[in-house]
Structure formats: structure tokens, C-alpha cells
Amino acid sequence: MVQHFKTGKWLIPIVALIALAGGIDSASAKPKEKSKPRNVIVLIADGCGSEQYTLARWFKGAPLTLDEILVGAVKTHIADSVVADSAPTATAYATGYRSSDKLIGVGPKGGTLPTMPEPPAAEWYRPLATVLEGARLKGMATGIVATSRVSHATPAAYMAHVPSRSQEESIMEQAVYQGVDVVFGGGGRYLLPKNMGGKRADGENLKSVLRTKGYIVAENGAEMNAFVTGRIFGMFSGDHMEPEIDRKEFAPKQPSLEEMTLKAIEILSGQSKARGFFLMVEGSEIDWADHGNDPSQLMSDLMQFDRAVGAALDFARKNGNTLVLALSDHNTGGMTIGNYGTSKTYSQLKLDQLLDPLRKMRLSAPGLLRKVGNEKTPEKVKGVVKAYWGLDITDDEAAAILSIARKDKDDPHNGFGEVLTPRYTAIGWTTHGHTGGDVPLFAYGPKSPKGLLDGPEIGRVTAEALGIDLDRTTQRLFVEAQSAFKDGMVTIDKTDAENPVVRVEYQEKQAEMPVNKNLMRIDGVESELEGVVVYIPETDKAYVPLQAVHAILGKKGKRPSISK
Ligand SMILES: [Zn+2]
């Protein structure tokens with residue numbers, strides 16, 4: 001039952017691990033009608049550790065929705081680091097395989113931890129099929145919801161295959177050509193070329209491509225809610241969406257994570273009555289709140305995430321055949337309830353002492369910095385902190401915040417949390433980066449896992465519930481071109497450096513497949529492929545769907561079934 005790739009013996013037979021560890025507990029699933037389609041909703045609270053959920057529960061003053069469905073924990077480490085980053089962790093959740101830092105939807109490169117066999121160089125960066133691609137190939141409806149740019153690491157790992165998370169142009173292009181039914185989030189700039197105010201250096205106008213493909217492109221919550229049927233790309237911000245706590249102040253037309261989740265479920269369940277759906281929802285900015293050591297954004301974005309989980313659970317309970325998984329990809333900030341200020345007084349920590357400072361916060365730390373604006377003086381900082389965090393801070397503290405803002409150009413707002421939370425709250429932080437602990441796992445529905453899972457098992461559990469075989473999906477979607485056309489000639493045409501094309505000359509045929517798209521032209525006749533064409537500059541290898549190989553070789557070869 002364990003599937004290895006022919007040349008991929010280094011890949012851990014995770015199916016076997018799950019069987020041994022009892023990772024899937026079918027006994028805990030309620031009896032279901034066999035005929036009903038299976039749906040899976042995965043919700044990811046980026047950068048959220050166990051203690052953040054505890055704080056949110058105190059803050060809410062009642063159990064979290066998540067509390068009802070806690071089933072275990074997940075190990076988050078990646079192929080080459082004890083501490084994870086979103087790109088390889090989300091890749092593990094999407095593909096069932098552990099990968100290396102920065103990689104999106106592709107297997108690991110060299111330099112793995114001693115606990116993991118080193119992959120052979122020929123297999124580095126090998127594209128791996130995602131649960132979203134498997135679900136789509138099976139005819140299920142698919143959706144992605146995030147509060148970051150949808151080309152950011154976590155959503156990217158479900159829709160794209162690139163050797164670096166920073167290649168957001170390629171990621172967005174693959175997302176557009178992936179045929180996802182519902183995409184909600186930020187990142188509209190990556191749909192447009194530079195001469196139209198966008199970020200794309202390749203000159204492509206993906207917004208018009210989406211319209212040609214029949215998508216509705218929605219730009220605010222009202223347009224999203226007006227949508228009835230078909231496919232929709234909701235781009236609610238050119239860049240990332242606003243933190244929940246800042247939304248009403250800075251961007252009231254943006255929908256909330258809960259609203260996007262509700263609408264995505266409504267659309268996907270309506271379109272997929274016969275075949276089911278897969279949906280990934282990310283509370284993307286919980287991570288950034290933790291990076292900034294910012295309790296205001298943390299509480300508001302995490303409470304909003306809990307509401308999105310509530311929306312998924314309400315649907316799952318009514319539907320009866322939907323697996324809901326909720327988890328994080330890693331902890332960020334190393335947040336604790338208790339800090340050096342409570343070293344001697346922790347056992348007398350009263351609820352008001354913990355919560356009062358948090359309840360006075362009305363904007364995120366980045367929001368505070370926006371209010372400070374160009375007038376970066378201690379006086380202005382003091383006024384803004386008083387107005388929006390309710391704190392009377394000293395001149396020295398205000399100066400310290402400004403000094404951190406000047407030093408840290410990438411995250412100038414970090415100073416508010418770093419300077420103020422140790423002095424005015426009982427919350428502690430250990431880093432502006434990520435930390436390596438296990439994260440809680442929440443699940444509900446058929447095929448619900450339990451216990452301590454390894455990160456890649458999340459991908460396998462998702463695939464199992466969707467009834468798809470990820471390894472066969474990979475064999476079908478990503479054939480290495482040079483080895484597939486032994487008697488042909490494969491070249492990567494980089495005449496237009498921003499728009500490389502895979503060219504194959506085979507006998508009398510001339511085929512061309514633009515990278516990052518699902519298009520093929522044979523002797524000038526264009527057709528759509530069932531997956532996107534991937535090129536990895538690091539290995540100079542191109543990967544194309546088996547369908548393209550068959551068409552070029554003139555074979556009526558059978559494609560592997562992706563159903564389990
Ligand atoms: Zn992060």
C-alpha cells in the first residue's frame with residue numbers, strides 16, 4: 001500500500017507511519033451515509049502556539065469554538081531546520097511530504113537534518129501534487145481563503161510549485177491557471193503588470209486572464225456577497241488585507257475572515273453537491289501579530305480565526321460528511337502568559353491584571369505606526385499610544401520605540417510590543433521570530449485524526465479523507481520533461497527571460513508549454529492541460545503533466561487514477 005516514487009526512495013512512507021501510530025482513527029468518526037460526497041476544510045492559524053489559544057480563551061471569557069474539537073498535537077519541524085517556516089510546513093500539509101526552508105509545493109533539497117535521509121540531487125525541488133490539485137482532478141470544487149496576499153507562503157503551498165516563496169509572480173500565475181473555484185484574500189498587485197500599477201515584470205495582465213476564464217473578480221465584501229454562481233477571485237486588497245482590529249478604521253469594505261469563510265463554503269457546497277469540495281482557510285496575520293509581539297492584533301485576529309472555525313464546524317455538523325482540521329504551521333514569538341515582571345508574583349496573577357491592558361487596545365501595532373505617520377517624535381508616539389492602547393508611557397519608552405522602528409526597516413512597528421508589553425502587560429515574548437514547539441491539532445468529522453501527528457501526516461490525512469492518492473497525482477501531474485522525451489529534444493526557451501517556455505521537438509512535432517500555465521501548443525494548436533507546467537532554474541528541470549507527454553508522443557497511454 002505504500003507508494004514510493006520510482007526514483008524517490010528517500011521519501012518516508014508516511015502511509016505506513018500513520019497506520020503504525022494509529023494517526024487515523026476511523027472508530028471515532030460517526031457513521032455516515034456512504035453516498036454523500038466528502039468535503040475537507042483545513043483552517044491554519046499561522047504562527048499560533050498553544051499559549052496563544054489559552055490567552056484568547058481568557059480574553060473571550062468563554063471556551064473557544066476550537067476547544068470543542070481538540071484532538072492532539074502536530075510536530076512542525078522542517079527538512080533542514082528544527083524551527084519551521086510557513087513555506088515547507090504548509091507544503092507538508094498540502095503534499096504529505098516534509099520539505100526545506102523557502103520551498104513551495106516541491107520536495108526538499110540537500111542539507112537535511114540527520115533525522116531525514118538526504119534526497120539525491122536529481123530529486124531536489126521535485127514538484128509534489130497538492131491535496132487541492134488532487135481534489136480538482138477528481139472533479140471536486142476547490143477554494144483558498146487567506147488574509148495575506150494569496151501568493152504568500154501558506155496559500156501558495158496549496159496552489160503552486162516554486163523553489164522560493166518570494167517568487168510571488170510565478171505563484172500568482174500558477175494560482176490563476178490552476179482553476180481554483182474560489183480564491184479570497186489580498187494580493188491584487190500580483191495580478192497586474194507594472195505599467196498598470198501592478199508588481200508583474202512579465203507584462204501579464206492576469207486580471208483579464210481571469211475574466212477570459214469566466215471568473216468574477218470581486219474587490220470588496222459587497223461584491224463578494226453579491227456573487228451567486230460560477231468561479232470567483234476575490235482580491236480585497238492590492239497587498240495584504242488589514243488586521244481584523246484595524247479593518248473598520250482603515251479598510252471597512254474588506255470582508256472579515258469569517259465572512260470570507262462563510263461565503264466560500266456557501267459557494268463550494270452549492271457547486272459541488274455531487275462531488276464534494278476542498279477548502280483551505282488561513283488566518284495569515286496571527287503570525288505577524290506574534291512576530292511584532294503585539295497582543296492587540298493577536299487577540300483580534302485569533303478570535304476572528306475561531307469564528308471562521310465556527311463557520312466551518314456549523315457546516316460540518318449539518319452536512320455530516322465533512323472533515324474539519326484546524327492547526328498552526330508553527331509557533332511565532334514564543335508568547336507566554338507570565339513574563340519577567342511576574343517572576344515573583346505569578347501565583348497571584350489576577351484576571352484583570354492580565355486582561356485590562358489588552359482590552360484598552362484599539363489598533364494593531366502597525367496601525368499605531370500609521371497613526372504616528374511622518375511626525376516620528378516621542379511626543380507623537382506618546383499621544384498615539386495613549387489614544388489607542390490607553391497607556392501613559394514615558395519619554396524614554398517612546399524614544400525606545402522610535403529607535404527600534406528606525407533600526408528595523410522590515411518591521412518598524414515591532415517596537416510597540418517589544419518595549420511596552422514587558423512593562424504594561426503580564427505577557428512575555430522570547431523572539432520576533434518563530435519557535436519550534438508542537439502545535440495543537442483540532443479536528444472534527446469522518447477520518448478525524450488524533451494523537452501526536454508528524455507535519456506531513458496532515459497532508460496524508462487530508463488526502464485520505466478526500467479519497468485521493470497524492471503519489472499517483474504527482475506521477476500524473478509532474479513528469480520530468482528531459483527524461484520523458486528520450487528521443488526528443490527538450491529546451492527551456494528563455495528568449496523572454498520573464499516568460500520562459502518549455503519546447504519539445506519530437507519527430508515531426510513542435511510543442512511549446514509556457515511555464516506557470518496549463519497551456520500547450522502543438523504545431524500551433526493550443527489546448528489546456530490538467531495541471532500547470534513547472535520549471536526549476538536551480539536544477540534546470542522542467543515538469544509537465546503526463547497528459548502533455550502522451551499528446552506529444554502520440555500515445556493513448558492511460559493516466560494513473562488519482563482516486564483511492
Ligand atoms: Zn512568520
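Structure shown above.
Numbering of residues starts from 1 in each chain and follows the order in which that chain's sequence is written. For a predicted model such as this one, the threshold for reporting local features is a pLDDT of at least 70, and the threshold for listing and counting side-chain atom pairs is 80 or more; totals across whole chains, interfaces and linings nevertheless cover every residue. Side-chain measures were taken over the full set of non-hydrogen atoms in the model, leaving aside hydrogen atoms and water.

Structural notes on the coordination of the zinc ion
Each angle at a metal carrying four tetrahedral donors should ideally be 109.5 degrees, and each at a metal carrying six octahedral donors should ideally be 90 or 180 degrees.
Working step 1: Around the zinc ion, the protein contributes the donor atoms D287 (OD), D287 (OD), H291 (NE2) and H434 (NE2), at 2.0 to 2.5 Å from the metal centre.
Working step 2: The donor definition counts N, O and S atoms within 2.8 Å of each metal and applies 3.2 Å to Na, K and Ca; water is not among these atoms, so some sites may look incomplete. Angular criteria define each label, namely tetrahedral for four donors with all angles between 85 and 135 degrees, square planar for four and octahedral for six donors with opposite donors over 155 degrees apart and remaining angles between 65 and 115, and irregular for whatever fails these tests. Coordination at the zinc ion is irregular, judged from the four donor atoms that bind it and the angles of 55 to 151° they form at the metal.
Working step 3: Whether a residue is buried, partly exposed or exposed follows from its accessible area with a 1.4 Å probe, protein chains only, as a fraction of its type maximum: under 20%, in between, or over 50%, in that order. For D287, a relative accessible area of 6% puts it in the buried group.
Working step 4: We classify H434 as buried; its relative accessible area is 16%.

Quick look at the packing of aromatic side chains
Working step 1: Geometry of aromatic contacts follows a simple scheme: Phe, Tyr and Trp rings, the Trp one being its six-membered ring, pair when their centres are within 6.5 Å, and the pair is stacked under 30 degrees between planes, edge-to-face over 60, tilted otherwise. Under the criterion given, the structure shown has six aromatic pairs.
Working step 2: Centre to centre, the rings of F184 and F236 are 5.7 Å apart; their planes meet at 50°, and the pair counts as tilted. Residue F184 is located in strand β4 (residues 182-186), and its partner F236 is located in the loop between β6 (231-235) and α9 (247-250); the two are separated by 52 residues in the primary sequence.
Working step 3: Since its relative accessible area comes to 5%, F236 is described here as buried.
Working step 4: When the centroid spacing of 5.6 Å and the interplanar angle of 50° are considered together, the rings of F277 and F315 count as tilted. Within this pair, whereas F277 is found in strand β7 (residues 277-283), its partner F315 is found in helix α12 (residues 295-319), the two being separated by 38 residues in sequence. The burial state of F277 is the same as that of F315; both residues are buried. Helix numbering and strand numbering both begin at the N terminus, where a helix is a DSSP run of H or I of at least 4 residues and a strand a DSSP run of E of at least 2.

A few points about the pattern of salt bridges
Pairing is possible between side chains that carry opposite charge, provided their charged atoms lie close to one another.
Working step 1: Should a side-chain nitrogen of Lys or Arg be within 4 Å of a carboxyl oxygen of Asp or Glu, the pair is scored as a salt bridge. The tally for this structure, following the rule as stated, stands at 36 salt bridges.
Working step 2: With a closest N to O distance of 3.7 Å, E123 and R126 form a salt bridge. Like R126, E123 is buried.
Working step 3: Across the pair E258 and R307 runs a salt bridge, and its minimum N-O distance is 3.0 Å. Placement of E258 in helix α10 (residues 257-271) and of R307 in helix α12 is noted, with a sequence separation of 49 residues between them.

Here we look at the pairing of strand β17 (residues 501-506)
Working step 1: Two strands are counted as paired when DSSP detects at least two bridges linking them. Two strands pair when backbone bridges link them, and strand β16 (residues 489-493) and β17 are joined in this way by five bridges, in the antiparallel orientation. From the neighbouring strand, M489 faces β17, where its bridge partner is E505.
Working step 2: Pairing of β17 with strand β18 (residues 509-514), which is carried by six bridges, proceeds in the antiparallel orientation. Paired with V504 across the strands is A511, a residue of β18.
Working step 3: Adjacent in sequence and paired antiparallel, β17 and β18 are bridged by two residues, among which Q507 carries a positive phi angle near 45°.

Looking at the sheet that holds strand β21 (residues 534-536)
Working step 1: Taken in spatial order, the three strands line up as β15-β22-β21 in an open sheet, and their pairing is antiparallel. The sheet terminates laterally at β15 (479-480) and β21, the two strands that pair on one side only.
Working step 2: Judged from the three bridges that link them, β21 and strand β22 (residues 541-544) form a sheet pairing that is antiparallel. Residue pairing for β22: I536 is matched across the bridge by K541.

Considerations on the packing of helix α3 (residues 86-95) against helix α18 (residues 455-466)
Working step 1: Running from amino to carboxyl end, α3 crosses α18 at an angle of 30°, the nearest separation of the two axes being 5 Å. In terms of orientation, α3 and α18 fall into the roughly parallel class. Here α3 contributes A92, Y93 and T95 to the contact with α18, which in turn contributes G455, P456, I458, G459 and R460.
Working step 2: Of the residues contributing to the contact of α3 with α18, the split by class is four nonpolar, three polar and one charged. Angles here are taken between N-to-C directions and fall from 0 to 180 degrees, while the axes themselves are lines fitted to C-alpha atoms, restricted in helices to the stretch in contact. For classification purposes, an angle smaller than 35 degrees is called roughly parallel, one larger than 145 roughly antiparallel, one from 65 to 115 roughly perpendicular, and anything else oblique. Residue contacts are defined here by distance: any two heavy atoms, one from each residue, within 4.5 Å place the two residues in contact. When residues are grouped by polarity, Ala, Val, Leu, Ile, Met, Phe, Trp, Tyr, Cys and Pro land in nonpolar, Asp, Glu, Lys and Arg in charged, and all others, Gly among them, in polar.

Considerations on unusual backbone geometry
Working step 1: Look at N293: it is not a glycine, yet its phi comes out positive at around 55°.
Working step 2: As for its placement among the helices and strands, N293 is situated in the loop between α11 (286-291) and α12.
Working step 3: By relative accessible area, which is 5% here, N293 ends up buried.
Working step 4: The phi angle at N516 is positive, at roughly 75°, despite the residue not being glycine.
Working step 5: Topologically, N516 is positioned in the loop between β18 and β19 (519-522).

Interpretation note: all reported values are geometric properties and have no functional meaning in isolation.
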